[in-house]
Amino acid sequence: MRNLEERTDDPIVVTGLGAVSPLGVGVATNWKRLIAGQSGIVTNTRFDTADYGCKIAGLVPTKQDDPHGFDALDHMDAKDMRKMDLFIQYSLAATEEALAQAGWKPEDEEQKDRTATIIATGVGGFPVITQAVTTVQQRGPRKLSPFVVPSFLANLAAGQVSIRYGFSGPVGCPVTACAASLQAIGDGMRLIASGEADVAVCGGADACVDPVSIGGFSAARALSVSHNAEPQKASRPFDKGHDGFVLSEGAATLVLERLSHARKRGTIPLAMLAGYGTTADAYHVTAGRPDGSGAARSMRLALKMAGADAADIDYINGHSTSTPVGDAAEIAAIRSVFPQRGKDLAVTSSKSAIGHLLGAAGAIEAVYSVLALREDLVPPGLNIDESEADADIFELSPNKVTKKRLNSILSNGFGFGGVNAALVMRKVS
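Residues numbered from 1 in each chain as written. Predicted model: local features only at pLDDT ≥ 70, side-chain atom pairs only at ≥ 80, totals over all residues. Heavy atoms only, no water.

(A) Quick peek at the overall build of the protein chain. Each helix and strand in the protein chain was counted, giving 15 helices and 15 strands. Its C-alpha radius of gyration of 20 Å places the protein chain within 12% of the 22 Å reference for a compact globule of 429 residues. Its C-alpha atoms put the protein chain at 60 × 55 × 40 Å along the principal axes. Here the protein chain holds 429 residues, and 60% of them are scored as buried. Within the protein chain, counting contacts between residues at least 6 apart in sequence, those at least 24 apart form 79% of the total. Total accessible area computed for the protein chain in this model is approximately 16,600 Å², and 52% of it derives from carbon and sulfur atoms. If the 41 positive side-chain charges of the protein chain are averaged to one point and the 47 negative ones to another, these points end up 1 Å apart. (Helix = DSSP H or I, 4+ residues; strand = E, 2+ residues; numbered from the N terminus. Rg over C-alpha atoms; globule rule 2.2 N^0.38 Å. Buried < 20%, exposed > 50% of the residue type's maximum accessible area, 1.4 Å probe, protein only. Contact = heavy atoms within 4.5 Å. Areas by Shrake-Rupley, 256 points an atom, 1.4 Å probe, with all protein chains shown as cover. Lys, Arg positive; Asp, Glu negative; His and termini not counted. Charge placed at Lys NZ, Arg CZ, Asp CG, Glu CD.)

(B) Representation of the pairing of strand β9 (residues 271-280) within the structure. With eight of its ten residues buried, β9 lies for the most part within the structure. Inspection of the sheet shows strand β1 (residues 12-21) paired to β9 by three bridges, in the antiparallel sense. Residue pairing across strands places Val13 opposite Met272, the latter belonging to β9. Inspection of the sheet shows β9 paired to strand β15 (residues 419-426) by eight bridges, in the antiparallel sense. Among the inter-strand pairings, Met272 is bridged to a residue of β15, identified as Arg426. (Pairing = 2+ DSSP bridges.)

(C) Here's a closer look at the environment of Ile354. For Ile354, the position within the fold is in helix α14 (residues 351-354). Relative accessible area serves as the criterion here: at 0%, Ile354 is assigned to the buried category. Through-space distance from the C-alpha of Ile354 to that of Ala57 is 9.2 Å; in sequence the pair is 297 residues apart. With near-sequence residues (within four places) excluded, Ile354 lies in contact with Ser21, Pro22, Leu23, Ile41, Gly58, Ser248, Ile364 and Tyr368.

(D) How the structure looks around helix α2 (residues 27-35). Where α2 is concerned, the buried positions are Val27, Thr29, Asn30, Trp31, Arg33 and Leu34. Looking at the buried residues of α2, the elements they touch are β1, β2 (24-25), α4 (86-102), α14, α15 (361-375) and β12 (377-378). Where α2 ends, the next residue or the one after it, Gly37, has phi of about 80°, a positive value.

(E) Highlighting the packing of helix α9 (residues 180-193) against α15. For the pair α9 and α15, the least separation of the axes is 5 Å and the interaxial angle reads 65°. As the angle between them shows, α9 and α15 are arranged roughly perpendicular. Facing α9, whose interface residues are Ser181, Leu182 and Ile185, α15 presents Ala361, Gly362, Ala363 and Ala366. A breakdown of the residues in the contact of α9 with α15 according to their chemical character gives five nonpolar, two polar and no charged. (Axes fitted to C-alpha atoms, helices over the stretch in contact; angles between N-to-C directions. Parallel < 35°, antiparallel > 145°, perpendicular 65-115°, else oblique. Nonpolar A, V, L, I, M, F, W, Y, C, P; charged D, E, K, R; others polar.)

(F) Here's a closer look at the side chain of His227. Relative to the helices and strands, His227 is located in the loop between α10 (211-219) and β8 (250-258). For His227, the contacting residues outside a window of four places in its chain are Ile56, Lys233, Ala234, Arg236, Gly241 and Asp243.

(G) Highlighting the nonpolar core. Among the nonpolar cores identified, the biggest contains 55 residues, and Leu17, Ile185, Leu254, Leu256 and Leu273 are the most heavily contacted of them. Here the element with the most residues in this core is α15; it accounts for nine residues. In this structure, Leu273 is in contact with Ile12, Val13, Val14, Ile185, Met189, Leu256, Leu423, Val424 and Met425, ignoring residues within four places of it in sequence. (Core = buried A, V, L, I, M, F, W, Y, C linked by side-chain atoms within 4.5 Å.)

(H) Examining the pairing of β15 more closely. The buried fraction of β15 amounts to seven of the eight residues, a majority that puts the element mostly inside the structure. The pairing of strand β14 (residues 408-415) with β15 spans eight bridges and is classified as antiparallel. Bridge pairing in β15 places Phe414 opposite Asn420. Connecting the antiparallel pair β14 and β15 is a turn made up of three residues, with Gly417 showing a positive phi of about 90°.

(I) Expanded view of the pattern of salt bridges. Evaluation of the coordinates by the stated rule reveals 17 salt bridges. Across the salt bridge formed by Arg33 and Asp66, the nearest N and O atoms sit 2.8 Å from each other. With Arg33 in helix α2 and Asp66 in the loop between β4 (56-58) and α3 (78-81), this residue pair connects regions lying 33 residues apart in the sequence. Judged by its relative accessible area of 16%, Arg33 is buried. For Glu109, the salt bridge is made with Lys112, and the minimal N-O distance between the two is 4.0 Å. Residue Glu109 and its partner Lys112 are located together in helix α5 (residues 109-113), separated by three residues, close to a single helical turn. Among the charged side chains, a network of salt bridges with common partners joins Arg236, Asp239 and Asp385. (Salt bridge = Lys/Arg side-chain N within 4 Å of Asp/Glu carboxyl O.)

(J) Seen up close, the side chain of Asp210. Summarising the element assignment, Asp210 is placed in the loop between β7 (199-206) and α10. Of the buried charged residues, Asp210 lacks a salt bridge, with Arg46 as the closest side chain of opposite charge at 8.6 Å. Only 2.7 Å separates the side chain of Asp210 from the backbone nitrogen of Val212, close enough to count as a polar contact. Residue contacts for Asp210: discarding those within four places in its chain leaves Phe47, Phe126, Pro127 and Thr130. (Polar contact = N/O pair within 3.5 Å; in protein donor to acceptor, adjacent residues only side chain to side chain.)

What follows is the structure, given as structure tokens:
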């Protein structure tokens, strides 16, 4: 990405944000609740959990339960809604908000041709697949809807966004587990840097709080089971009491473009995307390297592209999911990249409040990181009652907002299969 490095006078910036998460619908609602220390993790009412060890999840609230909750009919008509799995619906809602803030409404074919759409996912419409299997087994294949396949295909969040707005530039869908939407942002940066697009609509969506997903992750002993009675206490990155992640759902979208392109349109740049790095552990299907070396390489690549060193980063929004093995590996990686840093470096994980959105995690955390830059606030690290010693050398912002001058933030995303991604964001000067 030499073009990105060379054009420091015209950086790639974020001009629009959209969010749907367990904290609610809309960026303002998400941010208000995040810095207030609220949790979106609740008792799982999506299906009967009597036979499951894990009985909690991060569910997007409905509008029936929360005035800032989700109603698909706010974003599409009933006919379209029936053709789309929930992850696609969430993505359309988040994208609608992001495009409105960016003010990007291309009218001519050239502008549409110059708009890329990169929406990632971890598992796509997995609940539709499991429901379709049940339908075939119980009622036969002729009872399947003709919209089953386009409802569950992983790339159809990107496809539906592209179709709705007529974006005819490059379209893509990283499906790289929990690093997917951070890679979507990186792909969007590359498309702009290479000159293939002027605007990139990037993000991620997942909605697989489903009996098979919960059962599968439970079988892998990955989910928290110790706080079913108090769901809001279950996700506890960097705390000694962590025992697994909380499966969550949602979507987030960011609009990217060159600073000159944004200023020409009279659009306010929200943050600069300064650097990106991605690597593979080449180690294990579900676990990262214990020393965090693959993750560390992705962080160093992002810093290098940004022309930054370890002293320049003020805050790291970690990937840490609340699993003992994963949290330890990320802290090992951070300590290796930032060996001279201590309490002057803030490190938190947004997952303490929202759980793990799988393929959408990187995008929603990038949204929160942009807001943190703009507000000079480090959101609380919830549920840190007794911090892990290796992590406690950093400012973990335990159960409190930390006011701190933030010029540069690093956001991490790591996934099954050994994929690592890191993104450096800066204030726009």
